[in-house]
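# Structural overview for review
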Amino acid sequence: MSSSPKPSNDADAKVKAKEQASLRVTDDDLYRHSSQYRVWSFTPEQLTQKRAEINARATAKIEQGLRAFRETHPDLTSEELAAIDEKAVPVSTDEELLLVSYFARMILSFAGKMNLPTEVAATAVSFFRKFYLSNSVSEISPKEVFHTALFFSCKSENYFIGVESFAKKAKTNPNAVLKHEFKLLESLSFTLMNHHPYKALHGFFLDIQSVLAGKVDMNYMGQVYTDCKKIITDALLTDAVYFYSPPQITLAALLIADEALTMRYLQLKFMITEESPTENAQGEKQEPKEGTSIPVPGQKLLEVIKECKAIISNKVAPPKEEAVKVTAKIHYSQNPLTVLDRLKRQRESNSTATTPGQTPVPEENQAKRQKSDGTTD
Amino acid sequence: MIVDDDEKKDMCPICKTDRYLSPDMKFLVNPECYHKICESCVDRIFSLGPAQCPYEGCDKILRKNKFKTQVFDDVNVEKEVDIRKRVFNVFNKTLDDFEGDLKAFNKYLEEVEDIVYNLDNGIDVANTEEKLRTYEDLNKQLIMANMKRSRQDLDNFEQRQKFEKEMKLKKRQLERQIEEEELANREWARKEIVNQLSTADDAEDVIAHVKKTVKLKKSSARRKLEELNKVLKNNPYMTVSNGLMKKKESVPFTPFNGDRDLNKRYTLSESQYNDPFIKSLQTKKEYIASGFRADYVYDRMLTEAFMGLGCIIKEELQTSVK
Amino acid sequence: MISQAEYSKEKKVGEGTYAVVYVGTKQSSNRKVAIKEIKTSGFKDGLDMSAIREVKYLQEMQHVNVIELIDVYMAQNNLNLVLEFLPADLEMIVKDTTILFTQADIKSWLLMTLRGVHHCHRNFILHRDLKPNNLLLAPDGQLKLADFGLARNMGSPQDFLTSNVVTRWYRAPELLFGARHYTGAIDMWSVGVIFAELMLRIPYLPGKDDIDQIDVTFRALGTPTDKDWPEISTFGTYNKIQFYPPPSREELRRRFIAATENALDLMSGMLIMNPHKRWDPIKCLTSQYFVELPEPTAPADLPQLNKK
């Protein structure tokens, strides 16, 4: 696989065209040069399509495997066939997404336990989620990439930990940590820079003090800052990171943390008037305050921030049981034999009350059973 | 005094290494005293810093980085060339600077020669050096401009020569072509007249007609030659007056070439920020000693706060399908 | 494997501890490129940090004075960076005694260097290994910052940075003292030393080892005191070093014979001991030196390496 994000990306071509029109490179242009914008920004439609394509690719592969299984096992009973049809089903796009979100959250708590800096954790989450924008959870298990993403993030964020001691802390082995490192780098299109909104938050923390000088209590500002930091961390688990720039995400987070304060700041800063959305057209004509000479169309900015806020607020942590269910599904769809196994055990224990979605048997045992099954056949 | 004995010419007087035995050996001299020392001795003696010249009776303190390869066999020539180079780099006026006043220019040249002579022969060295330095300080701008000009003059001269050479060559080629064409035309006309006369009655008509055709025929090479002569007359390199090329239409100097945001969305106002964290770092000794600057940190955070604020991704990506 | 077929490796031109460099061609455009093949085996901690840094930072920068990363691809488990082919570097030019260059040429190279550094700093990236050897020259005369194997983000202020960066002769005094919270000022020091080297045509502060570097630096530029550099005595090694007086302006003039007053101002600004006061790229680029005559030579007219 190749990545040539610079010359081939259309967004980039646009940047170049813009540069030719005017030589000046503004800070916005600088963001447009970043890989986060060039490679990792999408419209919701683009993102949906990307995920659908990956899921379709993985589904096709699994269905092929299931067909082959049926062909090599012509003497299956109708009960067994029915069990396979019910259990061994490829995961859907939504289920993939759920599992990725679940593990992304785990990375955060894990990084917390390891006392890693916020930015390292944030980058690990970013790496991990991007990995599943070109791989399916049924191709490479999140469990295998989880540590790799964190370890690689440590290196990329200049927080180097030797692989031995990392593996020890993570209770895994160095080979497992390094196994998918190249694959990860490749899936990231060889782009490693992340502009997390934490620094933007720090900046707004300062600018609010200056714009609302004398009108805001410092201790309270500190509280808003702390709350907002948490909200930003949550936002990193959402698709907002692909749809909005870091300042926009930060303002959305600030809006969640304290709407009144943030609105007052925005009003003074960008001449936004919330009460009269009908005046949109006139609002845009207004000149922004001195010192903010690049006009950001205030009303449009507010719309964008509010959209972003909706995405961040909608975030719900997927429950563990759901994640376990999806994991089991992946397992069954890839190893239909284990479905039969399960059926056999169910019959033996003669229990009709087994709840569906039971925890799958640990993989080690599965492998052994598979082998013995093969010989009895 | 350096021994000019042939046998000792190729021997380092310090370590007695002979060039015959080690052909890679290189001699260096230091313009302080011009005593010849081999490279490895220079390395050995001066690596640790300035040291006295190892020649007996020479009390000059020499620095390693001032050693240079000796170009001329005779050190006296070497020395004079060095002095000339140094002096003429400073006194680099040309006749143009005297607006063509040959007398004034000659007077100036004589003065310069005096300086060279004094320095070369150790006459009144301190004062002469002072004179040189003073002149340099007072005329820095002019010296620089002249340095530039002499380089440009040379470029210009070379370019002009090249251009003229090319044009002359082309001219010769065209002239030869014209000559050949004329020859061929005459031959053609001769044959044509004979041919046509055998069928026609009026000899004069025939001759006039053929001559007219020939006239039309030969003009293409001639036209080219005329063109070329015109170019030579308007030679762009000839318009130069006083050997000075007219300065190119100058574009104002842009230090950043556009790589700077002059319309920041914020104004840095350090006094208004109550940032306990940064303020605490400002008091830490190791931060102060490392060059920590709160204003840089503030500026950076504020830049990140607004960098990309105006990028409405949805709209910007819509116009181009990824 | 599109990229692998797209680029041909023609000739090995260099080998370092972590990479082999080839000259090659981009097939579709016939463009000459340099391919840096990162060795990936034999590193127990996985992909090497230098490779990570180089890829990470070069992907973000687009500037005429920063080397262009054209593409990246994996082949046979090796990481390949396809870079702009740049046949010469500033060190080669300085060392080649057959090449003459003028004050205007020096100004042009310095201008391009500063613009490149400014772009890095604008992106909050520290280069941390500026030296003539890493300032590459394109056939059209443009100078480009290269080798980002030691680069890093200007991180959060509380980060601890390693002081073991920058090639010795170009290492800023705070690094010599082992500072852990340094700033972009370390890159500016390197540029100052390079500027001096361009004018002298020999390395300006050639220390033989890390201890000697401290001595050489302060012998040339004077030992700083607590007065011009507050809290300098916080550094453990400071109290063990020898005291040298700073050079007078006259001494500098004598050493840098062809330098104008503005040139000396700029050089001294970049070589201010106290990193807090050292000139930053903006101050340097807007200095009088670049406005006074002679104008910087146009890149295309700069001296080139003589073809062998």
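Everything numeric in this text was worked out from a predicted model, so none of it was measured.

### Details of the overall build of chain B
In terms of helices and strands, chain B carries 12 helices and 5 strands. Counting the 322 residues in chain B, one finds 15% classified as buried.

### Things to note about the overall build of chain C
From N to C terminus, chain C includes 10 helices and 10 strands. Its C-alpha radius of gyration of 20 Å places chain C within 12% of the 19 Å reference for a compact globule of 308 residues.

### Observations regarding the sheet that holds strand β9 (residues 143-145) of chain C
Residue and element names in this part refer to chain C. Sheet architecture is open: 3 strands sit in the order β6-β8-β9, paired in antiparallel fashion. At either margin of the open sheet sits one strand with a lone partner, and together these are β6 (88-89) and β9. The sheet contact formed by strand β8 (residues 135-137) and β9 spans 3 bridges and is antiparallel. Across the sheet, Leu137 pairs through a bridge with Leu143, a residue of β9. Relative to β9, helix α4 (residues 103-122) is tilted by about 30°, and along the sheet it contacts β8 and β9.

### Side note on the pairing of strand β4 (residues 69-75) of chain C
The side chains of a regular strand alternate between the sheet's two faces. Residue and element names in this part refer to chain C. Within β4, 6 of the 7 residues are buried, which leaves the element mostly enclosed by the surrounding structure. Pairing of β4 with strand β5 (residues 78-84), which is carried by 6 bridges, proceeds in the antiparallel orientation. When the sheet's bridge partners are listed, Val72 is paired in β5 with Leu81. Counting the residues in the hairpin turn of β4 and β5 gives 2 residues, including Gln76, whose phi is positive at 45°.

### Some points on the domain arrangement of chain B
Taken as a whole, chain B is organised into domain 1 (8-70), domain 2 (86-149) and domain 3 (162-231). If you average the C-alpha positions of domain 1 of chain B and of domain 2 of chain B, the two centres end up 31 Å apart.

### Observations regarding the interface of chain A and chain C
Of the residues lining the interface, 22 residues belong to chain A; the matching set on chain C comes to 22 residues. Top element by residues in the side of chain A that touches chain C is helix α12 (residues 181-187) of chain A. It accounts for 4 residues.

### A word on the environment of Ser287 of chain C
Residues and elements named next belong to chain C. Along the chain, Ser287 turns up in the segment after α10 (281-285). Taking the C-beta count within 10 Å as the criterion, Ser287 has 19 such neighbours and is therefore assigned partly exposed. Residues Ser287 and Asn239, 48 residues apart in the sequence, show an inter-C-alpha distance of 35 Å. In contact with Ser287, not counting residues within four places along its chain, are Asn262, Asp265 and Leu266.

### Focus: the nonpolar core
By size, the foremost hydrophobic cluster in this structure holds 188 residues, and its most contacted members are Ile107, Ala124, Val125, Phe128, Ala149 and Ala253 of chain A together with Met270 of chain C. The leading source of residues in this core is helix α6 (residues 185-200) of chain C, at 11 residues. Sequence-distant contacts of Met270 of chain C, defined by excluding residues within four places in its chain, comprise Met188, Trp189, Val191, Gly192, Phe195, Arg278, Trp279 and Cys284 of chain C. Counting 8 residues, the second-largest nonpolar core is a separate cluster that includes Met11, Cys12, Ile37 and Val42 of chain B.

### Section: helix α14 (residues 218-235) of chain A
All names here are of chain A. With 18 residues, α14 extends 25 Å between its outermost C-alpha atoms, agreeing within 8% with the 26 Å of an ideal straight helix rising 1.5 Å per residue. Of all the residues in α14, the buried ones are Val224, Cys228, Ile231, Ile232 and Ala235. The buried residues of α14 occupy an angular sector of 100° when the element is viewed end-on, so they sit on one face. Structural note: α14 exposes Asn219, Thr226 and Lys230 on the side pointing more than 90 degrees away from its buried face. Along its buried surface, α14 packs onto α13 (197-211), α15 (240-243), α16 (246-257), α17 (259-270) and α19 (298-313).

### Digging into the domain arrangement of chain C
Accessible area lost upon the coming together of the parts serves often as the stated size of an interface. Residues and elements named next belong to chain C. Assigned domains of chain C: these are domain 1 (4-84) and domain 2 (88-301). Measuring from the centre of the C-alpha atoms in domain 1 to the corresponding centre in domain 2 gives 28 Å. If you look at the interface, domain 1 gives 12 residues, while domain 2 gives 17 residues. Class assignment of the residues belonging to the side of domain 1 that touches domain 2 gives a composition of 6 nonpolar, 3 polar and 3 charged.

### Thoughts on helix α21 (residues 336-349) of chain A
The end-to-end C-alpha separation of α21 of chain A is 20 Å, in line with the 20 Å expected for 14 residues at 1.5 Å each. Within α21 of chain A, burial applies to Pro336, Thr338, Val339 and Leu340 of chain A.

### Focus on the interface of chain B and chain A
Facing 34 residues of chain B, the contacting portion of chain A comprises 41 residues. Secondary-structure elements contributing two or more residues to the side of chain B that touches chain A are α11 (294-306) and α12 (313-318) of chain B. The element best represented in the side of chain B that touches chain A is α11 of chain B, accounting for 7 residues. Per-class residue counts for the side of chain B that touches chain A are 14 nonpolar, 12 polar and 8 charged.

### Some points on the sheet that holds strand β2 (residues 37-38) of chain B
Spatial strand order, β2-β1-β5 (chain B): 3 strands in an open sheet with antiparallel pairing. Every other strand in the sheet has two partners, leaving β2 and β5 (68-69) of chain B as the edge strands with one partner each.

### Focus on the UniProt feature "domain: RING-type" (unreviewed entry) in chain B
The UniProt entry lists residues 12-54 of chain B under the feature "domain: RING-type" (unreviewed entry), expressed in the numbering used here. With 19% helix and 16% strand, residues 12-54 of chain B has end C-alpha atoms that lie 12 Å from one another.

### With respect to unusual backbone geometry
All names here are of chain C. Cis geometry marks the peptide bond from Leu293 to Pro294, where omega comes out at 0°. Looking at where Pro294 falls in the secondary structure, it is placed in the segment after α10. The backbone of Arg128 sits at a positive phi, close to 70°, despite the residue not being glycine. Mapped onto the secondary structure, Arg128 falls in the loop between β7 (125-126) and β8. Looking at Arg128, the number of C-beta atoms within 10 Å reads 26, which means it is buried. A positive phi angle is found at Asp147, which is not glycine, with a value near 60°. With respect to the helices and strands, Asp147 occurs in the loop between β9 and β10 (152-153).

### Brief notes about the UniProt feature "active site" (unreviewed entry) in chain C
Residue and element names in this part refer to chain C. When the UniProt feature table is mapped onto this chain, "active site" (unreviewed entry) is found at Asp129. Overall, Asp129 belongs to the buried group, with 21 C-beta atoms counted inside 10 Å. Ignoring sequence-local partners within four residues, the contact set of Asp129 consists of Asn134, Asp147, Leu150, Val165, Val166 and Thr167.

### So, the pairing of strand β2 (residues 19-26) of chain C
Residue and element names in this part refer to chain C. Relative to β2, strand β1 (residues 7-15) is paired through 7 bridges, and the arrangement is antiparallel. Residue pairing across strands places Lys12 opposite Tyr22, the latter belonging to β2. The pairing of β2 with strand β3 (residues 31-38) spans 8 bridges and is antiparallel. Within the sheet, the bridge partner assigned to Val21 lies in β3 and is Lys36. Linking β2 back to β3 in an antiparallel pair, the connection comprises 4 residues, with Asn30 at a positive phi of about 65°.

### Observations concerning the packing of α13 of chain A against α16 of chain A
Working note: a packed helix pair is described by the angle between its axes plus the distance between those axes. Residue and element names in this part refer to chain A. For the pair α13 and α16, interaxial distance at closest approach is 9 Å and the crossing angle is 60°. As for the relative orientation of α13 and α16, their crossing is right-handed in sense. Judged by residue contacts, Pro197, Ala200, Leu201 and Phe204 of α13 engage Pro246, Pro247, Ile249, Thr250 and Leu254 from α16. The residue inventory of the contact of α13 with α16, partitioned by class, reads 8 nonpolar, 1 polar and no charged.

### Quick notes on the UniProt feature "binding site: ATP" (unreviewed entry) in chain C
All names here are of chain C. Under the UniProt annotation, "binding site: ATP" (unreviewed entry) lies at Val13, Gly14, Glu15, Gly16, Thr17, Tyr18, Ala19, Val20, Val21 and Lys36. A stretch of 24 residues holds the annotated residues, and the largest C-alpha distance among them is 14.3 Å, short enough that they meet in one place. By the secondary structure assignment, Val13 is in strand β1. For Val13, a count of 14 C-beta atoms within 10 Å puts it in the partly exposed group. Residues within four places of Val13 in sequence aside, it is in contact with Val21, Tyr22 and Val23. By the secondary structure assignment, Gly14 is in strand β1.

Calculation rules
Residues numbered from 1 in each chain as written. Chains lettered and ligands numbered in written order. Predicted model: local features only at pLDDT ≥ 70, side-chain atom pairs only at ≥ 80, totals over all residues. Helix = DSSP H or I, 4+ residues; strand = E, 2+ residues; numbered from the N terminus. Buried ≥ 20, exposed ≤ 12 C-beta atoms within 10 Å, placed from the backbone. Rg over C-alpha atoms; globule rule 2.2 N^0.38 Å. Pairing = 2+ DSSP bridges. Contact = placed C-beta atoms within 7 Å. Axes fitted to C-alpha atoms, helices over the stretch in contact; angles between N-to-C directions. Domains from an automatic or database assignment. Core = buried A, V, L, I, M, F, W, Y, C linked by C-beta atoms within 7 Å. Expected span 1.5 Å × (residues − 1). Arc of directions from axis to C-beta. Nonpolar A, V, L, I, M, F, W, Y, C, P; charged D, E, K, R; others polar. UniProt positions renumbered as here; feature names shortened; annotations may be inferred. Left-handed = near helix turned anticlockwise from the far one by under 90°.

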